[in-house]
Each structure stands twice: as C-alpha cells, then as structure tokens.
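Overview (structure and organization)
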Amino acid sequence: MRYRASLLSLCLLAGAGAAQVPPPASPKPGQIVVNGTVPDEASKAALLGRLRELYGAERVVDQLGIGSVSVPPNWGGYVQKLIGPNLKLISKGQIKVDGNNVSLRGEVANEAQRQQIASDIATSLNPTYTVNNGLRVSAAEQNLLDQTLAMRIIEFDSGKATLTASGRGILDEMAAALRKVQGKKVEVIGHTDNVGLRQSNLGLSQARAEAVRLYLGEKGISPDMIAVSGQGPDRPVADNAGADGRARNRRIEFRIAQ
C-alpha cells in the first residue's frame, strides 16, 4: 500500500462514566490520531504499542489521557483486538470505542470490504459489545474499476507470473478504465490461495502484480500511476478448503489509492 495514506482517528472513552474529552483531532495525511481517556498507564502503553506496531511509530499521534474511569471486563484486551490490519483499508476514518459501544466511520474501496471489516470486528468481541458500521464505499472512480473487473479473475499460468490470453483480455478493458481515472494513484494487489509456503505465495503475488503493471504499461498506462504489492494468502475472500474458493482467492485487486 505504498501510496495509501490511511487517515484514522481512534477515540476511546472507557465506560459511561468517562471524563469529558475534546472531539477527536483531524488527522493530517498519513497520521493516526488517538485520543480519549483510559484507566491507567499500562492500558495506554499497550494501546499505543499496538498502533505503532501496525502503522509505524512516527505516524501515531498520542492525545490519550488517563482518568478515574470504570471499564467493562477485559476492556483493554478487546480494544487491542479491534486494532488489526483491516483498519488500514479505511481512509478518512474514525473508530470510536465508548465502553462496549464501537462505532466505525470512514471510506473503504468496495462493499465487500465494508461488510468484512465490520464482521471481523464484531466476531473479535463478546456479545455485550455493539458495533455500529458507518463505513461507506468511496468514490466513483473505484466503482468504475470494480464494474470493469466485474468479479472476473485475471488468470496466470499455474504457479507463474505469466498472464494467460484471458487475463490479458481483461487487462485490455482495465487499461481503458484506468485512462478515465488519470491523476489518481491505483494500487494493484496480488493475492493467492494458501496452498504451499506462505513466503513463496507472497513472492508469487508480488510478481503477478508487477506483471500486471508491466502489461498495463505496454497499453499506455504510466507505471508511475500504479503501485504494486503482494498479499499472498493473507486476505482470502473465500474458503480455501474447496477448489472454487481457492480459485476466487487467486486474484488481482485494483484499488484507488487515497
């Protein structure tokens, strides 16, 4: 996600009796602002440590206070579970934790992401927590790319980064769509199933994303417009237990970078 500047504000209010805190600050590009009130120094250190591990220490802006507040059982542990890699898919966003109420705001690339992020958060918590999913699908440009790809899989030769004729045909259509979003950075993200070694799959997914960028370059799309990454088997969209699911997971994703 080389070009994606995640904009996230994390507001924590530890229980209904929390001290009054100012509204969350507006994060600058690339920053993650965390504010609110937590019960003790250990909770604060654990939270900031998790955020810095996920986003990088230089991007996390600490505006947390410590106050005499009551919290639900294992509140700090559940907040830790909320801070996962999927949050990096949200731009212009905010996650607010008020006791056992969790609110999500911001933009994601498509409807599948919107539902998946909320589902992952809900299943990481116990039933006493309520999740309000206020995420929305971003801009028309992303919709154009999604509609052009139309749930089709860009195919490669088995185990290789060589495009098939079918894959090249889909990319010819994607090149036409990309010409309509000139001025935007676009992420091309490779994914695999979970068969084989994870490290090998990461390398293969990266190589396939690079092959897509190279082919699009031959169709007149500037390489500077395209950022590539390989996620390997880490972000499946289907169950890897069956052949159909594995086929869906072997995919190329196009995302407008925020």
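This text follows the structure it describes.
The rules behind these values
- Residues numbered from 1 in each chain as written.
- Predicted model: local features only at pLDDT ≥ 70, side-chain atom pairs only at ≥ 80, totals over all residues.
- Heavy atoms only, no water.
- Helix = DSSP H or I, 4+ residues; strand = E, 2+ residues; numbered from the N terminus.
- Buried < 20%, exposed > 50% of the residue type's maximum accessible area, 1.4 Å probe, protein only.
- Contact = heavy atoms within 4.5 Å.
- Areas by Shrake-Rupley, 256 points an atom, 1.4 Å probe, with all protein chains shown as cover.
- Polar contact = N/O pair within 3.5 Å; in protein donor to acceptor, adjacent residues only side chain to side chain.
- Arc of directions from axis to C-beta.
- Pairing = 2+ DSSP bridges.
- Phe/Tyr/Trp six-rings, centres within 6.5 Å; stacked < 30°, edge-to-face > 60°.
- Axes fitted to C-alpha atoms, helices over the stretch in contact; angles between N-to-C directions.
- Parallel < 35°, antiparallel > 145°, perpendicular 65-115°, else oblique.
- Left-handed = near helix turned anticlockwise from the far one by under 90°.
- Nonpolar A, V, L, I, M, F, W, Y, C, P; charged D, E, K, R; others polar.

Comments concerning the overall build of the protein
Within the protein one finds 7 helices and 9 strands. Per-residue burial for the protein yields a buried fraction of 48% across its 258 residues. In the protein, the share of contacts with a sequence separation of at least 24, taken over all contacts with a separation of at least 6, comes to 72%. Accessible surface, the protein as shown: approximately 12100 Å² in total, 51% of it carbon and sulfur.

Some words on the environment of Asn126
Following the sequence through the fold, Asn126 ends up in the loop between helix H3 (111–124) and strand S6 (130–137). Sequence separation of Asn126 and Tyr78 is 48 residues, and the distance between their C-alpha atoms is 8.4 Å. Side chain to side chain, Asn126 and Tyr78 meet in a polar contact 3.2 Å long.

A word on helix H4 (residues 140–149)
Three or more residues of H4 are buried, namely Gln142, Leu145, Thr148 and Leu149. One side of H4 holds all its buried residues, which, seen down the axis, span an arc of 125°. For H4, the exposed residues lying more than 90 degrees away from the buried face are Ala140 and Gln147. Looking at the buried positions of H4, the neighbouring elements they touch are helix H5 (165–179), strand S7 (186–191) and strand S9 (251–256). Just past H4, the residue Ala150 takes up positive phi, approximately 50°.

Focus: the pairing of strand S4 (residues 91–98)
Where S4 lies against strand S5 (residues 101–108), 6 bridges are found, and the strand directions are antiparallel. Following the sheet pairing, Val97 is matched in S5 by Val102. Counting the residues that bridge the hairpin from S4 to S5 gives 2 residues, and of these Gly99 lies at a positive phi of roughly 65°.

Describing the packing of aromatic side chains
Per the stated rule, a full pass over the model turns up 1 aromatic pair. With 5.2 Å between their ring centres and 55° between their planes, Tyr78 and Tyr129 make a pair best called tilted. Within this pair, whereas Tyr78 is found in helix H2 (residues 75–82), its partner Tyr129 is found in the loop between H3 and S6, the two being separated by 51 residues in sequence. Exposure class is identical for Tyr78 and Tyr129. Each is buried.

Overview of the packing of H4 against H5
The geometry of a pair of packed helices is captured by two quantities: the angle between their axes and the separation between those axes. At a minimum axis distance of 9 Å, the contact between H4 and H5 shows a crossing angle of 160°. Relative to H5, H4 is oriented roughly antiparallel. Where H4 crosses over H5, the two elements pack in a sense that is right-handed. Contacts between H4 and H5 involve Leu144, Leu145, Thr148 and Leu149 from the former and Ile170, Glu173, Met174, Ala177 and Leu178 from the latter. Split by residue class, the contact of H4 with H5 holds 7 nonpolar, 1 polar and 1 charged.

Considerations on the environment of Gly93
Within the element layout of this structure, Gly93 appears in strand S4. Considering only alpha carbons, one finds Gly93 and Arg105, 12 residues apart in sequence, at a separation of 5.2 Å.

Observations regarding the sheet that holds strand S8 (residues 226–230)
Whenever strands of a sheet pair, they do so through backbone hydrogen bonds, lying parallel or antiparallel. Overall, mixed pairing links the 3 strands, which are arranged S8-S7-S9 in an open sheet. Sheet topology places S8 and S9 at the edges, where each strand pairs with a single neighbour. Shown here is a sheet whose adjacent strand axes are inclined to one another by a mean of 20°, direction ignored. One ladder, built from 6 bridges, connects S7 with S9; its direction is antiparallel. Bridge pairing links Ile189 to Glu253 in S9. Across the sheet, helix H6 (residues 198–218) is in contact with S7, S8 and S9; its angle to S8 comes to roughly 160°.

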